[in-house]
Amino acid sequence: MKKAFIFTLDALFAIVVLAFFLTAISLELNVPRETYWLPSIANSMMTSLDEQGAFYHAFREDDAQVQSALNSYLDALPGGINSQITVKIYTVSGSTFSLFKTIQASRGTIGTKDKTFTKRIFIDVNEKKFGLAELVLSYG
Amino acid sequence: MGKGFIMAITTALILVVMMLYAQSFAAKKDGDISGMAQSLVSDKVIHAWRDINKDVFLITGIDVEKENNTVTFNDTLPAPFDISDMLSLYGQFISQYYLTPDVEIAFLNTNDQPLNLSNLPSKITIMPMNIEYYYPSWSKREMFITSPVSNFTAIQGIVLHLHITNAVLDCYPANLSLSTPCTAIAPDKECDANTVYRLYLNFSASDYAGQYYSMGPKCFDLSKHSTENLNVQNESANYYIKLLMGPLPLVLDVQLQNTVVNATTTLILNTSDFYINHLSKLKVSAVGYSTSKVDWS
């Protein structure tokens, strides 16, 4: 009986060790790694769009043209990334801002997890208009 | 019993090692997550800083570049729109539509005190000499360069070019058909062997008709005052550009009457050991983190 008790304890101990390592491996494998590079992609893309003047066209050009251009930029994103970009133009009277127009482009369906959100501000000093671009990316 | 004791000790040791490993593993995971979170926050702060910084430059319309011992100001005078109003509206727009609860921004003066964007000083200072490039107001109808008397010798010369965009040079030799000289941009007090405060000015002007005039370099004694008018015209006589030099601390004063210019002003200093205090500092910080970016905007 003593031997049985010891053997049982030994088996239990082995199971505990095995469970421990299986848990650790599972935790490591389930880390949502995609989350960590999505914000960098979003920020880089917004900076690139701004510096190329993609947002400024929204102040004056045909909305359909701007939307088409934004769609082509979103198509350049790596596969597996769903995206939605919203460009809003505001006019101002006195110190009150009014939404003048909204242009939106998207690719895929934005998921509920592994999602990132970033903004970019741009202005037209001559026309006294303000713009806000909002980009949402999700993975998977 | 001996064997049992050894087995018990071995088991206990293994359990202790496992606990220590678990603790180390958990700490490493926390560290990894914390490090990645910090990296994401830093990326967000830098992105916001650069985003706002580019717009402030766009609104104020002045670009400053340092290269070795020279500082070049690229500017448009006067302001093509109400800069103060635009700065104020921009500050409001950022607060209402751009900022998220996890990011804070502040504009700071040289003493790191917060200032309102609508009160942004219209002054750029070259340190440690305390040479200033400034406008009395953001209308930018007049541009000054000043220097403390004691530091003036740091300025070896100034190269000033004005490109007139709404009028033409109305003088010879810019316009060869005229006889009136552009201006005898000659100092009221020329330099001589006894001159202490010497300003070497190299001046040129061009207009939208492609005419061009240049002068210099000439030496101005800045212990005295000199005034020169550059003849410009655009259907009316009420157009002028006036250059005033001295006495110190005034180095140069550019006055515009109904004239719009793209001005390039290069200060040549006697050292490359200086830094520039721009209009203000811009601080962007992440709420709840020790992460922030502060730099001259």
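Heads up: these notes are all about the structure in this document. Keep in mind it's a predicted model, so treat the numbers as computed, not measured.

A closer look at the overall build of chain B
On a plain count of helices and strands, chain B comes out with 2 helices and 18 strands. Expected size for 297 residues packed as a compact globule is a radius of gyration near 19 Å; at 30 Å, chain B overshoots this value by more than 25%. On the principal axes, the C-alpha backbone points of chain B span a range of 120 × 45 × 30 Å. Within chain B, the proportion of its 297 residues that are buried is 43%.

A word on the sheet that holds strand β11 (residues 212–221) of chain B
Residues and elements named next belong to chain B. Taken together, 6 strands build an open sheet; the order of strands is β1-β2-β15-β8-β10-β11 and the sheet is mixed. One side of each edge strand has no neighbouring strand; the edge strands of this open sheet are β1 (63–67) and β11. On average, adjacent strands in this sheet sit at an angle of 15 degrees to one another, irrespective of strand direction. When strand β2 (residues 70–77) meets strand β15 (residues 261–269), the two strands line up antiparallel, connected through 8 bridges. The partner of Asn74 across the bridge, within β15, is Thr264.

What about the interface of chain B and chain A?
Interface extent is often summarised as the accessible area lost during association of the parts. With 33 residues of chain B in contact, the opposing surface of chain A contributes 35 residues. Surface buried jointly by chain B and chain A totals about 3000 Å² across both partners, of which 72% is contributed by carbon and sulfur atoms. On the chain B side of the contact with chain A, His47(B), Phe93(B) and Tyr97(B) bury the most area, a combined 21% of that side's loss. Remark: the boundary between chain B and chain A carries 3 salt bridges. Where Asp51(B) meets Arg120(A), a salt bridge forms, and the shortest distance between an N and an O atom there is 3.3 Å. One can count 10 residue pairs in polar contact (both at pLDDT 80 or more) joining chain B with chain A. The set of elements that each furnish at least two residues to the side of chain B that touches chain A consists of α1 (2–60) and α2 (83–98) of chain B.

Some details on the pairing of β15(B)
Bridge count for strand β8 (residues 155–164) of chain B against β15(B) is 9 bridges, and the pairing is antiparallel. Directly across from Gly157(B), in β15(B), lies its bridge partner Ile268(B).

Side note on the state of the cysteines
All names here are of chain B. One pass over the full model with this rule turns up 1 disulfide over all chains. A sulfur-sulfur separation of 1.7 Å characterises the disulfide bridge that pairs Cys191 with Cys219. Judged by the sign of its S-S torsion, about -85 degrees, the bond between Cys191 and Cys219 is left-handed. Of this pair, Cys191 sits in the loop between β9 (168–169) and β10 (198–207) while Cys219 sits in strand β11, placing them 28 residues apart in sequence.

Describing the side chain of Asp75(B)
All names here are of chain B. Position of Asp75 relative to the elements: it lies in strand β2. For Asp75, a relative accessible area of 4% puts it in the buried group. Polar side-chain contacts of Asp75 include one of 2.8 Å to the side chain of Tyr133. Those residues within four positions of Asp75 in sequence are excluded, and the remaining contacts are Gly61, Ile62, Tyr133, Tyr135, Lys140, Val261, Asn262 and Ala263.

A look at the pattern of salt bridges
Residues and elements named next belong to chain A. The full count for this structure, using the stated rule, is 13 salt bridges over all chains. A salt bridge links Asp63 to Lys101; the nearest nitrogen and oxygen atoms lie 2.8 Å apart. Placement of Asp63 in helix α4 (residues 63–75) and of Lys101 in strand β2 (residues 96–107) is noted, with a sequence separation of 38 residues between them. Among the residues examined, Asp63 registers a relative accessible area of 31% and is labelled partly exposed. Overall, Lys101 belongs to the buried group, its relative accessible area being 14%. The partner of Lys88 in a salt bridge is Glu134, with the nearest N and O atoms 3.6 Å apart. Note that Lys88 is positioned in strand β1 (residues 81–93) and Glu134 in strand β4 (residues 129–139), a separation of 46 residues in sequence.

Criteria and cut-off values
Residues numbered from 1 in each chain as written. Chains lettered and ligands numbered in written order. Predicted model: local features only at pLDDT ≥ 70, side-chain atom pairs only at ≥ 80, totals over all residues. Heavy atoms only, no water. Helix = DSSP H or I, 4+ residues; strand = E, 2+ residues; numbered from the N terminus. Rg over C-alpha atoms; globule rule 2.2 N^0.38 Å. Buried < 20%, exposed > 50% of the residue type's maximum accessible area, 1.4 Å probe, protein only. Pairing = 2+ DSSP bridges. Axes fitted to C-alpha atoms, helices over the stretch in contact; angles between N-to-C directions. Contact = heavy atoms within 4.5 Å. Buried area = accessible area lost by both parts, 1.4 Å probe. Salt bridge = Lys/Arg side-chain N within 4 Å of Asp/Glu carboxyl O. Polar contact = N/O pair within 3.5 Å; in protein donor to acceptor, adjacent residues only side chain to side chain. Disulfide = S-S within 2.5 Å.

These results come straight from atomic positions and should not be treated as a statement about function.
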